[in-house]
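Close look at the chain arrangement
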Amino acid sequence: MRNTWVVLKREYLERVRTRTFLVLTLLAPAIMTALMILPAKLTTMGEKPNYIVIVASTQSFGELLRQQLLSELTVSDDDESEEAATKQKPEDQYTIVIDTTTTESERASLRDKIDTHTIDGFIWLTDDALAGHKVTWTGREVAGSREKAWLGDAVNHIVQRQELSKQGLNSSQADALLKPVKVESVRIDHGRETKNSGSSRFLEITVMVMLIYVAVLLYGISVMRSVLEEKTSRIMEVLLSSASPTELMTGKILGVGAVGLTQIVVWTVMGGVIALPSLAAQPNFGDLQLSPLMMVSFVLYFLLGYLLYSTMYATIGAITTTEQEGQQLQFLIVMPLVLSVFMLMPVIRTPDSATMVWLSMVPFFAPIVMYARIVIQTPPLWQIGLSLLLMVGTIAGLVVLCARIYRVGVLIYGKRANLPEIMKWLKYAKA
Amino acid sequence: MSTLQSPPAPKPVSTQHSASAHTVELQNVRKCYDEFVAVADLTLSIKPGGIYGLLGPNGAGKTSTIRMIMGITVPDAGQITVFGEPLNRAHMDQFGYLPEERGLYKKMKVLDHLVFLGQLKGLSAAEALKRASAWCEKFELSAWTSKKIEELSKGMQQKVQFIAAVLHDPKLIIMDEPFTGLDPANAVVLKDVLLEMAKAGKTILLSTHRMDQVERLCQSICLINHGHAVLEGDLSQIKARYGRHNVQIKYDGDPSFLEEKSLVQSFNDYGNYVEARLAPGADSQDLLRLASSKARLHKFEVMEPSLEEIFIDVVGKSNA
């Protein structure tokens, strides 16, 4: 125990004192934020059809579409366009011009204008096109799904309205008929209604699960590297003359784990300080709630997941002689992790199906799958308890097993051990 | 644990264990790695106090033997007893180990490193710090204590490694080739420290293939070849067993006594002196009387066989 503590302390202090740790701890959140914000910024920065030409047979029909397009921008229930609408008036975002010349030569000249960046695109909405139920949007880029939906909805709306008015309905009757019904999702959590939209749940799960995944991988590899370093620097022999392999291995794993925990605590505090004002300002993110159960289970599953995987990483470090060899073998470890990330979507869809319940019990999947289940829909406590128990048991077993391999492996320098050899070590080594 | 001053001052041989208890005893110890037999059937005993030499050509099984004594590896067969008890983990804190392959954390600072290793051997952080500083002073490392290991020269790293091995004042100190990589001046410092510790009652196991070192430092030796002990025991007794057949003579006058075939088997004139090999069964005293009657003698010395001669002889025989 004492030796484990001494090794743990060294491992922790030597890592935390380095400049790399400081830089990484402070910069990683900045990089992460940049990674999350940049793609969003890039899509909004993408070329929007800012200058649009509507080619229609009559001025009035073109005007109808223009009004409809602009009004859909304002009243749309879509979260993102709502956000955009508060920032900018639709009239400022888009200049929509109506063109009643419906000749082929006009089409050609509009195309040229797109090429010369005079306009961003045009919609071909002549009576012929309407009769053929085929309206074309021509733009510098093929319209993205949002634009396509926006244009399509508007065109359909006015066409349907026109049809309805032909059938004798006035415009307000037509609008009432065409008003879309909005489906709102309400989630029941412990008998309480929460207005969490599916997307915010998904965000929580992805962020937390990715944090578990990345951290387990990152610190696991770090453990493997440091075992390899001790082997190649030959300090292992000195250490083994003072402490047992189990003490050395657990001390190292716990020390690196403590470093990881420190980093996550720093990040959480930093993230909290940075994000709180903006979270409060955004009603949509206000729903994102972390219940105490979620927080506790995050820490538990992170720690147990880390212990489970880093024990295996330490063993890989012990049986290999170079980092390249270690990297070749580590896919064995990464596989269950990747598999559990693949299971995320099915879990979100059916968190309490029998398959998912049992998959979430498997210790290698539990950190991600069980954690995701807890976030989506709190499973019965016995299931959480059982999965934790299974994990602790597996870790204990792995530590004993891996310590045996470790004991022999760390003294083998020349070559990588093969499977039969490892089996032999397991049998004979007294840990 | 006794709080012995570090570096330890000479003091009388410790009588903590009964006189009969050997510091280390190996009985029919065997260790194989796959097909390769590293140690075949080794029996040896190391008496408390003094320097014990573990000798042998490369690959003879020295390091494997040491690892088993240290408890780093477990023998496949046989018994290891230390301080009169079967080897167990609790004994580890009584061992100090300088491995042949030096290993230190390159990025760690010298003093931090020594304190860490001292703590692993059961010292408190404060005590380890105190002792490490004293040792660094003795080895002229004081100016380097806050430098990283990688900034040190090979020789300095070697000294740090040595300090790490003796910091916790172990009863048994195992040194695997301790002198390699040291310049002559530092080698002398290290030799003096080892002798001082031996006088203070420590048992030192010195593993090397350098005959001259063993000849000068060790009281007892074990010569290993192919995993077997081919020669074991008190160094002077071993030499005595090999007999004294060579005589070094410096003289003026009549050299005819060298031609006496019943006494001299052969001789070699080196100019300043002559080395003669006695005939089988001949008494060196007869040769002395004969020589003094013929010539004026400045020197007449019966020579011990060198360990190197014995080594080559024994290894040659056991390989044959």
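Because the structure is a prediction, the values reported are computed rather than measured.

For chain B, the helix and strand inventory stands at 9 helices and 14 strands. Principal-axis analysis of the C-alpha atoms gives chain B an extent of 75 × 45 × 35 Å. Within the span of chain B, comprising 320 residues, buried residues form 38% of the whole. When contacts within chain B are restricted to residue pairs at least 6 apart in sequence, those whose partners lie at least 24 apart make up 71%.

What follows covers the overall build of chain A. Tallying secondary structure elements over chain A gives 21 helices and 6 strands in all. Residues classed as buried in chain A amount to 30% of the 431 residues present. Within chain A, contacts between residues at least 6 apart in sequence are counted, and of these 75% link residues at least 24 apart.

Once that is clear, we can look at the packing of helix H19 (residues 366-376) of chain A against helix H20 (residues 381-409) of chain A. Relative placement of two packed helices is described by the angle separating their axes and the distance separating the axes. Residues and elements named next belong to chain A. With their axes 11 Å apart at the nearest point, H19 and H20 run at an angle of 165° to one another. With respect to their mutual orientation, H19 and H20 come out roughly antiparallel. The handedness of the crossing between H19 and H20 is left-handed. Counted together, Ala366, Met370 and Ile374 of H19 and Ile384, Ser387 and Met391 of H20 form the full contact between these two elements. Its residues placed into classes, the contact of H19 with H20 shows 5 nonpolar, 1 polar and no charged.

Take the packing of helix H14 (residues 292-319) of chain A against H19 of chain A next. Residues and elements named next belong to chain A. As a packed pair, H14 and H19 sit with axes 9 Å apart at the nearest point and diverge in direction by 175°. Here H14 lies roughly antiparallel to H19, going by the angle between them. Here H14 contributes Leu293, Met294, Ser297, Phe298, Tyr301, Leu304 and Gly305 to the contact with H19, which in turn contributes Ala366, Pro367, Met370, Tyr371, Ile374 and Val375.

According to the domain assignment, chain B consists of domain 1 (24-239) and domain 2 (245-303). Here the C-alpha centre of domain 2 of chain B lies 43 Å away from the C-alpha centre of domain 1 of chain B.

This part is about the interface of chain A and chain B. Facing 17 residues of chain A, the contacting portion of chain B comprises 23 residues. For the side of chain A that touches chain B, the elements supplying multiple residues, two or more each, are helix H1 (2-16) and helix H11 (235-240) of chain A. The dominant element in the side of chain A that touches chain B, judged by the number of residues it contributes, is H11 of chain A, at 5 residues. Of the residues in the side of chain A that touches chain B, the class split is 7 nonpolar, 5 polar and 5 charged.

What follows concerns the sheet that holds strand E4 (residues 136-139) of chain A. All names here are of chain A. The strand order across the open sheet formed by 4 strands is E2-E1-E3-E4, and the pairing between neighbours is mixed. The outermost strands of the open sheet, each flanked by one partner alone, are strand E2 (95-99) and E4. On average, each strand axis in the sheet is inclined to that of its neighbour by 20°, with strand direction left out of account.

This part covers the confidence of the model for chain A. Residue and element names in this part refer to chain A. Summarising the model, chain A shows a mean pLDDT of 77, and 78% of its residues fall at 70 or more. The spread of mean pLDDT over the elements of chain A runs between helix H4 (residues 79-87), the lowest at 43, and H1, the highest at 91. Low pLDDT, under 50, characterises residues 76-88; the stretch is placed with 9 contacts to residues that sit more than four places away or in other chains. Within the model, the stretch residues 283-287 combines pLDDT values under 50 with 7 contacts to residues more than four positions away or in other chains.

Time to look at the nonpolar core. Counting 138 residues, the largest nonpolar core has Ala314 and Tyr371 of chain A together with Leu114, Ile163, Ile174, Ile204 and Leu206 of chain B as its most contacted members. A per-element tally of this core places H14 of chain A first, with 14 residues. Ignoring anything within four residues of it in the chain, the contact list for leucine 206 of chain B reads Ile51, Tyr52, Gly53, Leu54, Met175, Val214, Leu217 and Cys218 of chain B. Listed in part, the 20 residues of the second largest apolar core include Ile54, Ala56, Leu69 and Ile123 of chain A.

Next up on the list: unusual backbone geometry. Residue and element names in this part refer to chain B. With a phi angle near 45°, asparagine 28 is a residue other than glycine that sits in the positive phi range. In this fold, asparagine 28 is placed in strand E1 (residues 24-33). One non-glycine residue, glutamate 140, lies in positive phi territory at about 55°. With respect to the element layout, glutamate 140 can be found in the loop between helix H3 (125-138) and helix H4 (154-166). Classification of glutamate 140 as exposed rests on a count of 12 C-beta atoms within 10 Å.

What follows is about the environment of leucine 178 of chain A. Mapped onto the elements of the fold, leucine 178 of chain A is located in helix H9 (residues 171-178). Not counting residues within four places of it along the chain, the set of residues in contact with leucine 178 of chain A comprises His157, Gln160 and Arg161 of chain A.

Attention now moves to the sheet that holds strand E12 (residues 264-269) of chain B. Residues and elements named next belong to chain B. Ordered in space as E12-E13-E11-E14, the 4 strands form an open sheet in which the pairing is antiparallel. Among the strands making up the open sheet, the edge pair consists of E12 and strand E14 (295-303). With strand direction ignored, the average angle separating the axes of adjacent strands in the sheet is 25°. In this sheet, strand E13 (residues 274-278) lies alongside strand E11 (residues 246-253) in antiparallel orientation, the contact comprising 4 bridges. In the sheet register, valine 247 faces E13, and the bridge partner there is alanine 276. Sheet strands touched by helix H8 (residues 284-294): E11, E12, E13 and E14. Its angle to E14, the strand with the most contacts, is close to 165°.

With that settled, consider the environment of leucine 42 of chain B. Structurally, the position occupied by leucine 42 of chain B is in strand E2 (residues 36-46). Those residues in contact with leucine 42 of chain B that sit more than four places away from it in its chain are Leu26, Val29, Thr65, Gly227, His228 and Ala229 of chain B.

The next subject is the pairing of E13 of chain B. Residue and element names in this part refer to chain B. The pairing of E12 with E13 spans 5 bridges and is antiparallel. Looking at E13, one finds that asparagine 268 is bridged to glutamate 275. The hairpin turn running from E12 into E13, its antiparallel successor, is 4 residues long, and glycine 271 in that turn takes a positive phi close to 90°.

The next subject is the confidence of the model for chain B. All names here are of chain B. Mean pLDDT over chain B stands at 85; residues scoring 70 or higher make up 93%. Highest mean pLDDT in chain B belongs to helix H2 (residues 110-120) (94); lowest belongs to helix H9 (residues 307-319) (78). Predicted confidence for residues 1-19 stays below pLDDT 50, and this span has 27 contacts to residues more than four positions away or in other chains.

A word on the pairing of strand E3 (residues 50-55) of chain B. Residue and element names in this part refer to chain B. Burial runs high along E3: 5 of the 6 residues are buried. Direction of pairing for E3 relative to strand E8 (residues 203-208): parallel, over a ladder of 6 bridges. Each bridged residue has a counterpart across the sheet, and for isoleucine 51 the counterpart in E8 is isoleucine 204. Where E3 lies against strand E9 (residues 220-225), 4 bridges are found, and the strand directions are parallel. For leucine 55, the partnering residue across the bridge sits in E9 and is leucine 223.

Cut-offs used in this document
Residues numbered from 1 in each chain as written. Chains lettered and ligands numbered in written order. Predicted model: local features only at pLDDT ≥ 70, side-chain atom pairs only at ≥ 80, totals over all residues. Helix = DSSP H or I, 4+ residues; strand = E, 2+ residues; numbered from the N terminus. Buried ≥ 20, exposed ≤ 12 C-beta atoms within 10 Å, placed from the backbone. Contact = placed C-beta atoms within 7 Å. Axes fitted to C-alpha atoms, helices over the stretch in contact; angles between N-to-C directions. Parallel < 35°, antiparallel > 145°, perpendicular 65-115°, else oblique. Left-handed = near helix turned anticlockwise from the far one by under 90°. Nonpolar A, V, L, I, M, F, W, Y, C, P; charged D, E, K, R; others polar. Domains from an automatic or database assignment. Pairing = 2+ DSSP bridges. pLDDT = per-residue confidence, 0-100. Core = buried A, V, L, I, M, F, W, Y, C linked by C-beta atoms within 7 Å.

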